[in-house]
Amino acid sequence: MLAQAAGSFWMPRQGTALAGEVDSIFDFILWLSLFFFTLIVGLMIVFIVRYRQRRRDELPETSPSHNTALELTWTLVPVALVVVIFTVGFRGYLRLTVTPTDSYEVLVTAQKWNWQFTYPNGYSDPELHVPAGKPVRLVMSSQDVIHSFFVPDFRVKRDVVPGRYSKVWFEADEPGEHAILCAEFCGTGHSDMLSKVIVQPQAEFDAWLDNAGGFLDKLPPAEAGERVTRSLGCNVCHSSDGRRLAGPTYKGLFGHEVKLRDGSTVIADEDYIRNSILDPQGQVVEGFDPVMPTFQGRINDKEITVIIAYIKSLSE
């Protein structure tokens, strides 16, 4: 379901009330710039034609040295316009910056090349679910390089820098879906770092969160493991159908011999998979770069166990 009205020629659709304010400021500056561009270029053409030299012996007229009314006009009018632009822009900046105290907080983890959204009950998901009509505050951090959280429909963009927390907030009034992009080049998979905001009615959001939060106890281990790998973004680098991505495929991995970059070989059993998740640089597979970040402290034993069950199921 799509939310809000369609976008304009210049802008995507407006997913929040603040998006309308941002567009108003943009439109005002755009049309003001076009007006003065047309005015100045038009006057230049008129003056060039009217005051051109018609004969070789014709001398230029004496230019006026001072005109108080004209100088006041071209000074006060731009100053007034700049004051209006600054006032409206600063008010919009404050609204985008100051988070309402009753905001619903979600933790965001960015890493090459996926987003992970963690809710107050501890559940993590690769898509951002939020209740409609309630302000949402995102506290964002990066596990590797600089990323940039960007929702075009909300006119919200904020860099996510390693070693610090970035905050941003928004309030979507209507249910719908909106694209999430990374607006900072972060490596070869940058263009695949996509997700979406799913805005739901409050009751529907509450039901979704209650159901999603307990899936480890409700689903079969292999199915729960597949869901955990998606929530952590493992599927971005590891395929389940044998395709070669940034990391080895899961398909047919369990129980088989794996050759490492140091020349040694290991059997891909439960301990190998666990060590690869918690210390990925310790056992880098031959033919692949050591780009996988550690998940130490971000994943518990129960989640590791169901991931092992999922990978094991792809070798049966």
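Within every chain, residues take consecutive numbers counted from 1 along the sequence as written. Local features in this predicted model are restricted to residues whose pLDDT is 70 or higher, and side-chain atom pairs enter the listing and the counts only when it is 80 or higher, whereas totals over whole chains, interfaces and linings include all residues. Side-chain numbers here rest on the full set of heavy atoms in the structure, without hydrogens or water.

## Section: the overall build of the protein chain
Definition in use: To qualify as a helix, a DSSP run of H or I must reach at least 4 residues; to qualify as a strand, a run of E must reach at least 2; elements of each kind are numbered from the N terminus. The globule rule used here is 2.2 Å times the number of residues to the 0.38 power, and the radius of gyration it is set against is calculated over C-alpha atoms. Relative accessible area decides the class of each residue, using a 1.4 Å probe on protein chains only: under 20% of the type maximum gives buried, over 50% gives exposed, and in between gives partly exposed. Computed with a 1.4 Å probe, the accessible areas rest on the Shrake-Rupley method; for each residue, only the protein chains presented here act as cover. Positive residues here are Lys and Arg, negative ones are Asp and Glu, while His and the chain termini are left out of the count. Each charge is placed at NZ for Lys, CZ for Arg, CG for Asp and CD for Glu.
Scanning the protein chain from N- to C-terminus turns up 7 helices and 12 strands. The C-alpha radius of gyration computed for the protein chain amounts to 28 Å, which surpasses the reference 20 Å derived for 316 residues by more than 25%, pointing to a less compact arrangement than a globule. Along the three orthogonal principal directions, the C-alpha set of the protein chain runs to about 95 × 50 × 35 Å. Across the 316 residues in the protein chain, those meeting the buried criterion constitute 37%. For the protein chain, the computed accessible surface area is about 18500 Å², with 59% contributed by carbon and sulfur atoms. A distance of 7 Å separates the average location of the 29 positive side-chain charges in the protein chain from that of its 38 negative side-chain charges.

## Observations concerning the packing of helix 5 (residues 221-232) against helix 7 (residues 301-313)
The condition that has to hold: Only the stretch in contact is used when a helix axis is fitted, and all axes are lines through C-alpha atoms; the angle between N-to-C directions ranges over 0 to 180 degrees. An angle below 35 degrees is treated as roughly parallel, one above 145 as roughly antiparallel, one from 65 to 115 as roughly perpendicular, and anything else as oblique. Throughout, a residue-residue contact means that at least one pair of heavy atoms, one from each residue, lies within 4.5 Å. Residue type decides the class: Asp, Glu, Lys and Arg count as charged, Ala, Val, Leu, Ile, Met, Phe, Trp, Tyr, Cys and Pro as nonpolar, and the leftover types, Gly among them, as polar.
Across the interface, helix 5 lies against helix 7 with an axial gap of 7 Å and an inter-helix angle of 105°. By the angle between their axes, helix 5 is roughly perpendicular relative to helix 7. Mapping the contact onto sequence places Pro221, Ala222, Ala224, Gly225, Glu226, Val228, Thr229 and Leu232 in helix 5 and Glu303, Val306, Ile307, Ala309, Tyr310 and Ser313 in helix 7. When its residues are assigned to classes, the contact of helix 5 with helix 7 shows 9 nonpolar, 3 polar and 2 charged.

## So, the side chain of Ser166
The criterion, for reference: In protein, a polar contact requires one atom able to donate a hydrogen and another able to accept it; more generally it is a pair of N or O atoms within 3.5 Å, and residues adjacent in sequence count only if both atoms are side-chain atoms.
Tracing the backbone shows Ser166 in strand 8 (residues 166-170). Among the polar contacts made by the side chain of Ser166, one reaches the main-chain carbonyl oxygen of Asp159 at a distance of 2.7 Å. Excluding its chain neighbours within four sequence positions, the residues that come into contact with Ser166 are Leu138, Val139, Met140, Arg158, Asp159, Val160 and Val161.

## Here we look at the sheet that holds strand 9 (residues 176-182)
Selection criterion: In this analysis, strands are considered paired if DSSP registers two or more bridges between them.
Sheet architecture is open: 5 strands sit in the order 4-10-9-6-7, paired in mixed fashion. Unpaired on one side and paired on the other, strand 4 (128-131) and strand 7 (156-160) mark the two borders of the sheet. For this sheet, the mean inter-axis angle between neighbouring strands, taken without regard to orientation, is 20°. Of the pairings in the sheet, the one linking strand 9 to strand 10 (residues 195-200) comprises 5 bridges and is antiparallel in character. Pairing of Gly176 across the sheet is with Val199, part of strand 10.

## Quick word on the sheet that holds strand 2 (residues 114-118)
Ordered by their spatial adjacency, 5 strands build an open sheet running 3-2-1-5-8, and the pairing between neighbours is mixed. Looking at the sheet topology across the chains shown, the edges are occupied by strand 3 (124-125) and strand 8. Relative to strand 3, strand 2 runs antiparallel, the two being bridged by 2 bridges. Paired with Thr118 across the strands is Ser124, a residue of strand 3. Along the sheet, helix 5 contacts strand 1 (104-111), strand 2 and strand 3; its crossing angle with strand 2, the most-contacted strand, is approximately 110°.

## A short note on the packing of aromatic side chains
Test applied: In this scheme Phe, Tyr and Trp rings, the latter by its six-membered ring, pair at centre separations within 6.5 Å, and the angle between planes marks the pair as stacked below 30 degrees, edge-to-face above 60, and tilted otherwise. By the criterion adopted, a ring carries a charge over it if an Arg CZ or a Lys NZ lies within 6 Å of its centre and within 35 degrees of its normal.
For the structure shown, the criterion picks out 13 aromatic pairs. With centroids separated by 5.1 Å and ring planes inclined at 80°, the aromatic side chains of Phe35 and Phe36 adopt a geometry described as edge-to-face. A ring pair is formed by Tyr119 and Tyr123, whose centres lie 6.4 Å apart and whose planes are at 15°; its orientation type is stacked. Across the pair, exposure class does not vary: Tyr119 and Tyr123 are buried alike. A network of ring pairs unites the aromatic residues Tyr104, Tyr119, Tyr123, Phe205 and Trp208 as a single cluster. Sitting over the face of the ring of Phe288, Arg244 holds its NZ or CZ atom 4.2 Å from the ring centroid.

## Describing the nonpolar core
The criterion, for reference: We call a set of buried Ala, Val, Leu, Ile, Met, Phe, Trp, Tyr and Cys residues a nonpolar core when their side-chain atoms join them within 4.5 Å.
With 59 residues, the main nonpolar core has Trp115, Tyr119, Leu128, Leu138 and Phe149 as its most contacted residues. Among the elements that take part in this core, helix 7 stands out by supplying 6 residues, more than any other.

## Remarks on the environment of Ser195
With respect to the helices and strands, Ser195 occurs in strand 10. In the structure, Ser195 is positioned 13 residues away from Cys182 in sequence and 9.2 Å away in space, judged by C-alpha atoms. For Ser195, the residues in contact, after removing those within four places along its chain, are Trp115, Phe117, Pro126, Glu127, Leu128, His178, Ala179 and Ile180. There is a polar contact of 2.6 Å between the side chain of Ser195 and the backbone oxygen of Pro126.

## Focus: helix 6 (residues 270-278)
Every buried residue belonging to helix 6 is among Tyr272, Ile273, Ser276, Ile277 and Leu278, and all of these are buried. Contact partners of the buried residues in helix 6: strand 11 (257-259), strand 12 (265-267) and helix 7. Where helix 6 begins, the side chain of Asp269 points an oxygen toward the backbone nitrogen of Asp271, at a separation of 3.3 Å.

## Quick look at helix 2 (residues 68-97)
Our working rule: An expected span of 1.5 Å times one less than the residue number is assigned to each helix.
For helix 2, built from 30 residues, the straight-helix expectation of 44 Å at 1.5 Å per residue is met to within 8% by its first-to-last C-alpha distance of 43 Å. Among the residues of helix 2, the N-terminal cap falls to Asn67, whose side-chain oxygen and the backbone nitrogen of Ala69 are separated by 3.3 Å.

Purely geometric stuff here, so don't read any function into it on its own.
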